[in-house]
Amino acid sequence: VWMKALDDAPRDLSLRQQIVALLLEEGRTQEAIESYAVIASEGDPAERAAALKELGRLHEFIDDFDNAVAVYREALGLVHYKHFLHDEFLTRLVRVHERFGRIDELEAEWLKPAEQENPTEESLMRMVKFYELTADSQKQEQWLALLVERSISSTGWQQELVELYI
């Protein structure tokens, strides 16, 4: 019945979200993933972000590392690095790498752009967040100090560095 309703109104994203909730209640994870994928590709930016968040969680739930990572990377590309959702997607990406024992891969990947001669604020911020999430306060402090030094708008970063010292 639910899939028939989706067939009758394939572009009704609100209906699709309601049906996804019912599919998950019934344990039909793969069908829920397929429905979220439609929302993630056809929804407005807010709907896409929400769908990508849920897709990532579902892929984690079924132990699908590659698709979870791909979804979180897509979500990171959807929002500006200073947007609050970026922080949430970044956190999920780190956590999924930790869970699957692949945190060193992510660290090496993120270190490359951050260690360049003129790193972007975003690459430095990622390293700060990475070490915050992996509980390496020494490296977090090191990268945060570099971020403060290199950032044009460093007031917020300076405050974060002071708070780290306290």
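Bear in mind the structure is a predicted one, so any value in this text is a computation, not a measurement. (Residues numbered from 1 in each chain as written. Predicted model: local features only at pLDDT ≥ 70, side-chain atom pairs only at ≥ 80, totals over all residues. Heavy atoms only, no water.)

**Q** Hey, could you run me through the side chain of Asp64 in this one?
**A** Examined against the element boundaries, Asp64 turns out to sit in the loop between α4 (45–61) and α5 (65–78). No salt bridge is formed by the buried Asp64; the nearest opposite charge belongs to Arg102, separated by 8.9 Å. Apart from the residues within four sequence positions on either side, Asp64 is in contact with His59 and Phe100. (Helix = DSSP H or I, 4+ residues; strand = E, 2+ residues; numbered from the N terminus. Buried < 20%, exposed > 50% of the residue type's maximum accessible area, 1.4 Å probe, protein only. Lys, Arg positive; Asp, Glu negative; His and termini not counted. Salt bridge = Lys/Arg side-chain N within 4 Å of Asp/Glu carboxyl O. Contact = heavy atoms within 4.5 Å.)

**Q** I tried to follow the environment of Ala68 on my own but got confused; where do I start?
**A** Along the polypeptide, Ala68 turns up in helix α5. If we skip the residues at most four places from it in the chain, Ala68 touches Gly56, His59, Glu60 and Val96.

**Q** For this particular structure, what's the right way to read unusual backbone geometry?
**A** When glycine is set aside, most residues are seen to have a negative phi, and most peptide bonds are trans. Look at Asp63: it is not a glycine, yet its phi comes out positive at around 60 degrees. Summarising the element assignment, Asp63 is placed in the loop between α4 and α5.

**Q** I tried to follow the side chain of Thr91 on my own but got confused; where do I start?
**A** Structurally, Thr91 can be placed in helix α6 (residues 84–99). What makes Thr91 buried here is its relative accessible area of 18%. At 2.8 Å, the side chain of Thr91 and the backbone oxygen of Asp87 are in polar contact. (Polar contact = N/O pair within 3.5 Å; in protein donor to acceptor, adjacent residues only side chain to side chain.)

**Q** Which parts of the structure should I look at to understand the nonpolar core?
**A** Counting 43 residues, the largest nonpolar core has Phe89, Leu93, Trp110, Met127, Phe130 and Trp143 as its most contacted members. Broken down by secondary-structure element, the contributors of at least two residues to this core are α2 (13–25), α3 (29–42), α4, α5, α6, α7 (103–114), α8 (121–133) and α9 (137–150). Setting aside residues no more than four positions away along its own chain, Phe89 makes contact with Ala49, Lys53, Tyr72, Ala75, Leu76 and Val79. (Core = buried A, V, L, I, M, F, W, Y, C linked by side-chain atoms within 4.5 Å.)

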